[in-house]
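These are the residues of each chain, in order.
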Amino acid sequence: RLQGDWSSDVCSSDLVGCRGAVVAARLARPDVVIVLEGPPADDLAGLAPPGEAQGALGGGVQVRAYDPTAIMNPRLVDLALEVALAKGIPCQLAVRRTGGTDARAFQAHELGVPVIVLGVPARYIHTHQSVLDLADLRACVDLAVALVRRLDAKTVKELTRYLRSEEHTSELQSPCNLVCRLLL
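Here is a short report on the structure shown in this document. What you are looking at is a predicted structure, and each value in this text was computed from that prediction instead of being measured. (Residues numbered from 1 in each chain as written. Predicted model: local features only at pLDDT ≥ 70, side-chain atom pairs only at ≥ 80, totals over all residues. Heavy atoms only, no water.)

**Details of the pairing of strand β2 (residues 61-67)**
So, step 1. Most of β2 is tucked away, with six of its seven residues classed as buried.
So, step 2. Summarising the sheet, β2 and strand β4 (residues 91-95) pair through five bridges and their orientation is parallel. What sits directly across from Y66, in β4, is V95.
So, step 3. Where β2 and strand β3 (residues 70-71) come together, two bridges link them in antiparallel fashion. The residue bridging Y66 from the neighbouring strand is I71, located in β3.
So, step 4. As consecutive antiparallel partners, β2 and β3 are separated by two residues. (Buried < 20%, exposed > 50% of the residue type's maximum accessible area, 1.4 Å probe, protein only. Helix = DSSP H or I, 4+ residues; strand = E, 2+ residues; numbered from the N terminus. Pairing = 2+ DSSP bridges.)

**Side note on the environment of V83**
So, step 1. Inspection of the secondary structure assignment puts V83 in helix α2 (residues 74-87).
So, step 2. Look at V83 and you get buried, because its relative accessible area is 3%.
So, step 3. Along the chain, V83 and A144 lie 61 residues apart, while their C-alpha atoms are 9.7 Å from each other.

**Here's the deal with α2**
An α-helical segment advances 3.6 residues per turn. Residues three or four places apart therefore align on the same side.
So, step 1. The terminal C-alpha atoms of α2 lie 20 Å apart, and with 14 residues this matches the ideal 20 Å at 1.5 Å per residue to within 8%.
So, step 2. Within the span of α2, buried status applies to R75, L76, V77, D78, L79, A80, L81, V83 and A84.
So, step 3. The backbone nitrogen of R75 has a side-chain oxygen 3.0 Å away, supplied by the residue at the start of α2, namely N73.
So, step 4. Following α2 by one or two positions, G88 has its phi on the positive side, about 70 degrees. (Expected span 1.5 Å × (residues − 1). Polar contact = N/O pair within 3.5 Å; in protein donor to acceptor, adjacent residues only side chain to side chain.)

**Section: the side chain of N73**
So, step 1. Within the secondary structure layout, N73 lies in the loop between β3 and α2.
So, step 2. Its relative accessible area of 13% is what places N73 among the buried residues.
So, step 3. Excluding its chain neighbours within four sequence positions, the residues that come into contact with N73 are P114, V115 and L159. (Contact = heavy atoms within 4.5 Å.)

**Quick word on the pattern of salt bridges**
If charged atoms from side chains of opposite charge come close, those side chains can pair.
So, step 1. If you walk through the whole model with that rule in mind, you get three salt bridges.
So, step 2. Where E82 meets R150, a salt bridge forms, and the shortest distance between an N and an O atom there is 3.1 Å. With a gap of 68 residues between them, E82 in helix α2 and R150 in helix α4 (residues 134-150) connect regions that are remote in the sequence.
So, step 3. A relative accessible area of 35% means that R150 is categorised as partly exposed. (Salt bridge = Lys/Arg side-chain N within 4 Å of Asp/Glu carboxyl O.)

**Comments concerning a nonpolar patch on the surface**
So, step 1. A contiguous nonpolar surface patch, about 410 Å² in accessible area, is contributed by L132, L134, L137, V141 and V145.
So, step 2. By residue number, the principal contributor to the nonpolar patch is α4, which donates four residues.
So, step 3. Inspection of the secondary structure assignment puts V141 in helix α4.
So, step 4. The exposure class of V141 is partly exposed, given its relative accessible area of 36%. (Patch = residues over 30% accessible without salt bridge, like charges linked within 9 Å, V, L, I, M, F, W, Y side chains within 5 Å. Areas by Shrake-Rupley, 256 points an atom, 1.4 Å probe, with all protein chains shown as cover.)

**Things to note about the packing of α2 against α4**
So, step 1. Contact geometry for α2 and α4: axes closest at 10 Å, N-to-C directions at 115 degrees. It follows from the interaxial angle that α2 and α4 lie roughly perpendicular. Note on packing geometry: the crossing formed by α2 with α4 is right-handed. Along the contact surface, α2 presents L76, L79, A80, E82, V83, A84 and K87, while α4 presents L143, A146, L147 and R150.
So, step 2. Grouping the amino acids of the contact of α2 with α4 by side-chain chemistry returns eight nonpolar, no polar and three charged. (Axes fitted to C-alpha atoms, helices over the stretch in contact; angles between N-to-C directions. Parallel < 35°, antiparallel > 145°, perpendicular 65-115°, else oblique. Left-handed = near helix turned anticlockwise from the far one by under 90°. Nonpolar A, V, L, I, M, F, W, Y, C, P; charged D, E, K, R; others polar.)

**Re α4**
So, step 1. With 17 residues, α4 should reach 24 Å at 1.5 Å per residue; the first-to-last C-alpha distance of 24 Å fits that figure.
So, step 2. Residues of α4 that are buried include every one of D136, A139, C140, L143, A144, A146, L147 and V148, and no others.
So, step 3. Summarising the contacts, the buried residues of α4 are in contact with β1 (33-37), β2, α2 and β5 (115-119).
So, step 4. At the N-terminal end of α4, a side-chain oxygen is found 2.8 Å from the backbone nitrogen of A135, two or three residues along, and the residue is D133.

By themselves these figures say nothing about function.
So, in structure tokens, the structure goes:
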């Protein structure tokens, strides 16, 4: 049994101002948001420098830490990575230099909402057909479900706890923050 009240929304218009997500955020007034996305796979020759693909088909669910429109909550990213590791769910951490998602609208709602993007890498997005790996889709569903089960009231509250200055240094050493600094 899940704790709290949960809802799911399907939003459109993410490429033209996140109009659907803005309305969904106003209506739902969420405490935390998990955005499910079909990000571009960049594992084909010429799409990313060798060894730097962040969205490879067959690599597992993509856990996004940053994109030009939203910086994901670092504690939520770390929690997602921790849950994936504990459950044996394959994942790949992403710091995107281009693109964006509905996360922007939820993150900026009211005083700010902790948000994370879980994605199933797909080739040929924004066309009439895309190609994905079903194992990545399963990993995304598994991680979303496992993460929701971990998000009790105490955990959600901890996502927005302010840091004292002495805590700031250790917080910056989290896997999410180290990868973000390396990839940006």
